[in-house]
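Reading the structure
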Amino acid sequence: MDSRNDEEAPLVLVSGEDRKGRPGKSYTRDVHILSISFLLIFLAFGAAQNLETTINKDSELGTISLGILYVSFMFCSMVASLVVRLLGSKNALILGTSGYWLFVAANLKPSWITMVPASLYLGFAASIIWVGQGTYLTSIARSHAKDHKVHEGSIIGVFNGEFWAIFACHQLFGNLITLTLLKDGKEGSTSGTTLLLLVFLLIMTFGTILMFFIRKIEGEDGKEPVGGSSMGLVDSLVSLPRLIITPLLDVRMLLIVPLLAYSGLQQAFVWAEFTKEIVTPAIGVSGVGGAMAVYGALDAVCSITAGRFTSGLSSITFIVSGGAVAQASIFLWLLLGYRTTSGVLGTVYPLIMAAVLGIGDGILNTQISALLALLFKHDTEGAFAQLKVWQSASIAIVFFLSPYISLQAMVIVMLVMVCVSLLSFLVLALKVESVFTREE
């Protein structure tokens, strides 16, 4: 078989020539530190993002800032793989935290002069921190599997499960902090908002400091630019179009793209539509925090559970199918039978929906990361860059279109996308399985 088919057989242990790790070296410490660092940074940013359209209402500054952020995120994700390769994943992670800190700081003095540059820079920072995260977590999972002589697919699943479970808790903790400091409707109070943002900046500072304590990936010191030692920065930039386009020439990536796009759409649907059109009319603005806490809690539980059951492509296929069907059932409920009611059921229904949507998000986060790590081991940075390109593009589209289309139209779009993405993913699974069968 050719080298391309070698990539299609991801469930073998990494060969000894890929890493020079010492036997028995454990990387679980780095997973813990990375996960907690992301939790601290994103519990602050996530809660600030949830408040953006509330505290910056004038001239739609908050909404437009978020739209600019995700458009910048999309375009910067196209070059993120090159930046991460040049910097190394640890340095990219540390630099990436600066964008989130500056964005929250800009909200202390919100204006077009502060928010637009902060949003643009955060788009760049977000692209490298997320490509760096995917690259780093995958690399240490492979090294851990090789050093301990265990199944690579299982370790990738466990490491991703722990990361996404801890990360998902940012919705819970961030909303609890917001509810505590902005109780009694103080979100409109300058002093209340300022105190909240300062607390967030302090938390994010701890998260950034913590990032310094993860260990560099062995072999990344003095990492050569993409293409070899003879290639300088200018040559790397010239090769950039190839780096962006090459992953899309792989039919496996093309079959995954609908799933990548849907993963961003379903997140944006929860942020932009579900809280506004479903939760608020049923249980009021004060219930949004509670619904998002339920969403985050189930997201976390499902992330770590799905990660523990991940062992290879077959398990990923089964788990992703279950998550897609669960979310599709919510969209069908909204489209065909849901009506806002009063009483206990009026409160319970949105919470049930939040729980199921959280379960689906936890499944997609862990399984997509594991899938990319297993199928694209020779271009990890490029694969995770594609993930963020399609996710951020989908999120930006939802933010810009949300004011102009109805909830029913949005739900139809979501239902079509979940069906298309699942069908495309199943075709991928059959294709890869057929390769295994021919090789046997």
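All of these numbers come straight from a predicted model, not from anything done at the bench. (Residues numbered from 1 in each chain as written. Predicted model: local features only at pLDDT ≥ 70, side-chain atom pairs only at ≥ 80, totals over all residues. Heavy atoms only, no water.)

Here the focus is the overall build of the protein chain. Along the protein chain, the regular secondary structure elements total 15 helices and zero strands. Within the protein chain, buried positions represent 56% of all 440 residues. Taking all contacts inside the protein chain whose residues are at least 6 apart in sequence as the whole, residues at least 24 apart take part in 86%. Only carbon and sulfur atoms are counted for the fraction: they give 69% of the accessible area of the protein chain, which is about 17,800 Å². (Helix = DSSP H or I, 4+ residues; strand = E, 2+ residues; numbered from the N terminus. Buried < 20%, exposed > 50% of the residue type's maximum accessible area, 1.4 Å probe, protein only. Contact = heavy atoms within 4.5 Å. Areas by Shrake-Rupley, 256 points an atom, 1.4 Å probe, with all protein chains shown as cover.)

For the rest of this paragraph, the subject is the confidence of the model for the protein chain. When pLDDT is averaged along the protein chain, the result is 82, and 84% of the positions lie at 70 or above. Mean pLDDT across the secondary structure elements of the protein chain bottoms out at helix 1 (residues 3-7), with 40, and peaks at helix 4 (residues 89-106), with 95. Counted against residues more than four places away or in other chains, residues 1-22, with its pLDDT under 50, gives 49 contacts. Segment residues 222-234 is flagged for pLDDT under 50; beyond a separation of four residues in sequence, or across chains, it makes 15 contacts in the model. (pLDDT = per-residue confidence, 0-100.)

Let us now look at the packing of aromatic side chains. Throughout the structure, instances matching the rule amount to 20 aromatic pairs. Geometrically, the ring pair formed by Y70 and F73 is tilted, given 6.3 Å between the ring centres and 35 degrees between the ring planes. Residue Y70 and its partner F73 are located together in helix 3 (residues 61-87), separated by three residues, close to a single helical turn. On the basis of relative accessible area, Y70 is assigned to the buried category, the value being 5%. Judged by its relative accessible area of 8%, F73 falls in the buried class. (Phe/Tyr/Trp six-rings, centres within 6.5 Å; stacked < 30°, edge-to-face > 60°.)

Relative to the helices and strands, T317 resides in helix 12 (residues 313-336). T317 sits 112 residues away from A429 along the chain, and the two C-alpha atoms are 6.9 Å apart. Look past the residues within four positions of T317 in its chain and what remains in contact with it is F425, L426 and A429.

Bringing the nonpolar core into the picture now. Inside soluble globular proteins, nonpolar side chains tend to come together where they are buried. Counting 108 residues, the largest nonpolar core has L34, F38, Y100, W130, F274, F331 and L372 as the members making the most contacts within it. Ranked by residues supplied to this core, first place goes to helix 10 (residues 251-283) with 16 residues. Dropping the residues within four chain positions of it, L34 is found in contact with L93, Q133, Y136, L137, F163, M211 and I214. If you look at the next biggest cluster of nonpolar residues, it comprises seven residues, including A80, A92, V131 and A385. (Core = buried A, V, L, I, M, F, W, Y, C linked by side-chain atoms within 4.5 Å.)

At a minimum axis distance of 9 Å, the contact between helix 13 (residues 343-375) and helix 14 (residues 380-401) shows a crossing angle of 145 degrees. The handedness of the crossing between helix 13 and helix 14 is right-handed. Together, I368, S369, L372 and A373 of helix 13 and A383, F384 and L387 of helix 14 make up the contact between the two elements. Residues of the contact of helix 13 with helix 14, tallied by class, amount to six nonpolar, one polar and no charged. (Axes fitted to C-alpha atoms, helices over the stretch in contact; angles between N-to-C directions. Left-handed = near helix turned anticlockwise from the far one by under 90°. Nonpolar A, V, L, I, M, F, W, Y, C, P; charged D, E, K, R; others polar.)

Another aspect to go through is the pattern of salt bridges. As enumerated under the stated definition, the model contains four salt bridges in all. Note that R29 and D30 form a salt bridge whose closest N and O atoms lie 3.1 Å from each other. We classify D30 as buried; its relative accessible area is 1%. Each of the salt bridges in this network shares a partner with another, and the network as a whole consists of R29, D30 and R215. (Salt bridge = Lys/Arg side-chain N within 4 Å of Asp/Glu carboxyl O.)

Quick look at the packing of helix 6 (residues 152-181) against helix 13 now. For the pair helix 6 and helix 13, interaxial distance at closest approach is 9 Å and the crossing angle is 145 degrees. Helix 6 and helix 13 meet at a crossing whose hand is right-handed. On helix 13, the residues touching E152, G153, I156, N160, G161 and W164 of helix 6 are N365, T366, S369, A370, A373 and L374.

As a further point, take the environment of S303. For S303, the position within the fold is in helix 11 (residues 286-309). Taking the C-alpha atoms as reference points, S303 and A168, separated by 135 residues in sequence, lie 8.0 Å from one another. Discounting chain neighbours no more than four positions away, the residues touching S303 are G161, W164, A165, G362 and T366. At a separation of 2.7 Å, a polar atom in the side chain of S303 contacts the main-chain carbonyl oxygen of D299. (Polar contact = N/O pair within 3.5 Å; in protein donor to acceptor, adjacent residues only side chain to side chain.)

Given a rise of 1.5 Å per residue, 18 residues ought to cover 26 Å, and the 27 Å separating the end C-alpha atoms of helix 4 matches this to within 8%. Counting buried positions along helix 4 yields 13 of 18 residues, so the element is predominantly enclosed. (Expected span 1.5 Å × (residues − 1).)

Among the structural elements, S127 can be located in helix 5 (residues 112-148). Look at S127 and you get buried, because its relative accessible area is 0%.

Another aspect to go through is unusual backbone geometry. A positive phi angle, near 55 degrees, is found at K149, a position not held by glycine. By the secondary structure assignment, K149 is in the loop between helix 5 and helix 6. When its relative accessible area of 69% is taken as the criterion, K149 is described as exposed.

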